[in-house]
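# Analysis of the macromolecular model
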Amino acid sequence: MVPRRRPIQERSKRRFDTLLSASRALLVDVGFESFTCEAAAARAGVPIGTLYQFFANKYVIVCELDRQDLVAVQAELTSFGEEVPSLDWPRLLEKFIDHLAGLWLTDPSRRAVWLAVQATPATRATAAIHERALAHQVTEVLAPLTPHAREDRRTLIAEVLVHAVYSMLNFSVQDSQDHADAVRELKRMMTAYLISTERAAGTG
């Protein structure tokens, strides 16, 4: 579930990015079931043949959009990781979650993409690969907080954190959900979980 090719030349890069931007907007407007490659190409203003040079089908497109979102979160996590270790890490965690929550609240495409990659076993498997890549980065951030934890234990903690945060952020922007309340509960959950993990690592 990856693009047929990633462009190198500037002109091709612009077309590639235009197709992804148009696809993201189309996904928000019509949902994944009504999303078609033809409609994405039309919205991007390029021939359908140009789209197929990069993407075999709509499933590859949504997986690439999910990868884009992953890269953006990884960049935010890098900034957070530079401030850890810190005795004030609960405040830093709240700040980080607030920032991510703001991204989800102001960009409805994040939830649209997340829902789209749940559509098939292949897209879910690709999304899981992306989650594991983020979890690997979280594992490195956790290392100063859990210096005595086994590597496999730290990896599991990171995977739980990533899955829980993604699920709760997408839950927080459902139509009937109070976003602020959901984010508040997410912060309570994550802080309590990490405090418990830190204590367990210290005694284990």
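Up top is the structure these notes are about.
This is a predicted model, so every value here is computed, not measured.

### Quick look at helix α1 (residues 10–30)
End to end, α1 covers 30 Å across 21 residues, agreeing with the expected 30 Å (1.5 Å per residue, within 8%). If you check which residues of α1 are buried, you get Ser12, Phe16, Leu19, Leu20, Ala22, Ser23, Arg24, Leu26 and Leu27. Backbone geometry just after α1 places Gly31 at a positive phi near 85°.

### Some points on the packing of aromatic side chains
Summed over all chains, the structure comprises 5 aromatic pairs. Arranged with centres 5.6 Å apart and planes meeting at 65°, the rings of Phe32 and Tyr59 form a pair that is edge-to-face. Of the two residues, Phe32 is situated in the loop between α1 and α2 (37–44) and Tyr59 in helix α4 (residues 58–81); the sequence distance between them amounts to 27 residues. For Phe32, a relative accessible area of 14% translates into the label buried. With a centroid separation of 5.6 Å and 75° between ring planes, the pair formed by Trp104 and Tyr166 is classed as edge-to-face. Separated by 62 residues along the polypeptide, Trp104 in helix α5 (residues 89–106) and Tyr166 in helix α8 (residues 151–172) bring together distant segments of the chain. Its relative accessible area of 4% is what places Trp104 among the buried residues. Among the aromatic side chains, those forming a connected cluster through ring pairs are Phe16, Phe54 and Phe55.

### Considering the nonpolar core
Leu134, Val138, Leu142, Leu161, Leu169, Leu186 and Met190 are the most contacted members of the largest nonpolar core, which totals 27 residues. For this core, the secondary structure elements donating two or more residues are α4, α5, α7 (121–142), α8 and α9 (179–203). With 9 residues, the top contributor of residues to this core is α8. The residues touching Leu186, leaving out its near neighbours within four places in the chain, are Ile97, Ala164, Val165, Met168 and Leu169. Among the nonpolar cores identified, the runner-up in size contains 25 residues, and Leu26, Ala40, Ala112 and Val117 belong to it.

### So, the packing of α7 against α8
Angle between the axes and distance between the axes: these two values describe a pair of packed helices. Relative to each other, α7 and α8 sit at 120°, their axes nearing to 8 Å. Between α7 and α8, the crossing angle belongs to the class labelled oblique. The two elements α7 and α8 meet at a crossing, and its hand is right-handed. Of α8, the residues touching α7 (which contributes Glu131, Arg132, Leu134, Ala135, Val138, Thr139 and Leu142) are Glu151, Arg154, Thr155, Ile157, Ala158, Glu159, Leu161, Val162, His163 and Tyr166. Tallied by class, the residues present in the contact of α7 with α8 amount to 9 nonpolar, 3 polar and 5 charged.

### What to know about the environment of Val73
Its place among the elements puts Val73 in helix α4. The residues contacting Val73, other than those within four sequence positions of it, are Leu100, Trp104, Arg110, Leu134 and Tyr166.

### Focus on the packing of helix α6 (residues 109–116) against α8
Here α6 crosses α8 at 120°, and the two axes come no closer than 10 Å. Classified by the interaxial angle, the pair formed by α6 and α8 is oblique. For the pair α6 and α8, the crossing hand works out as left-handed. Facing Arg110, Arg111 and Trp114 of α6, the residues of α8 in contact are Tyr166, Ser167 and Asn170. A per-class count over the contact of α6 with α8 returns 2 nonpolar, 2 polar and 2 charged.

Calculation criteria
- Residues numbered from 1 in each chain as written.
- Predicted model: local features only at pLDDT ≥ 70, side-chain atom pairs only at ≥ 80, totals over all residues.
- Heavy atoms only, no water.
- Helix = DSSP H or I, 4+ residues; strand = E, 2+ residues; numbered from the N terminus.
- Expected span 1.5 Å × (residues − 1).
- Buried < 20%, exposed > 50% of the residue type's maximum accessible area, 1.4 Å probe, protein only.
- Phe/Tyr/Trp six-rings, centres within 6.5 Å; stacked < 30°, edge-to-face > 60°.
- Core = buried A, V, L, I, M, F, W, Y, C linked by side-chain atoms within 4.5 Å.
- Contact = heavy atoms within 4.5 Å.
- Axes fitted to C-alpha atoms, helices over the stretch in contact; angles between N-to-C directions.
- Parallel < 35°, antiparallel > 145°, perpendicular 65-115°, else oblique.
- Left-handed = near helix turned anticlockwise from the far one by under 90°.
- Nonpolar A, V, L, I, M, F, W, Y, C, P; charged D, E, K, R; others polar.

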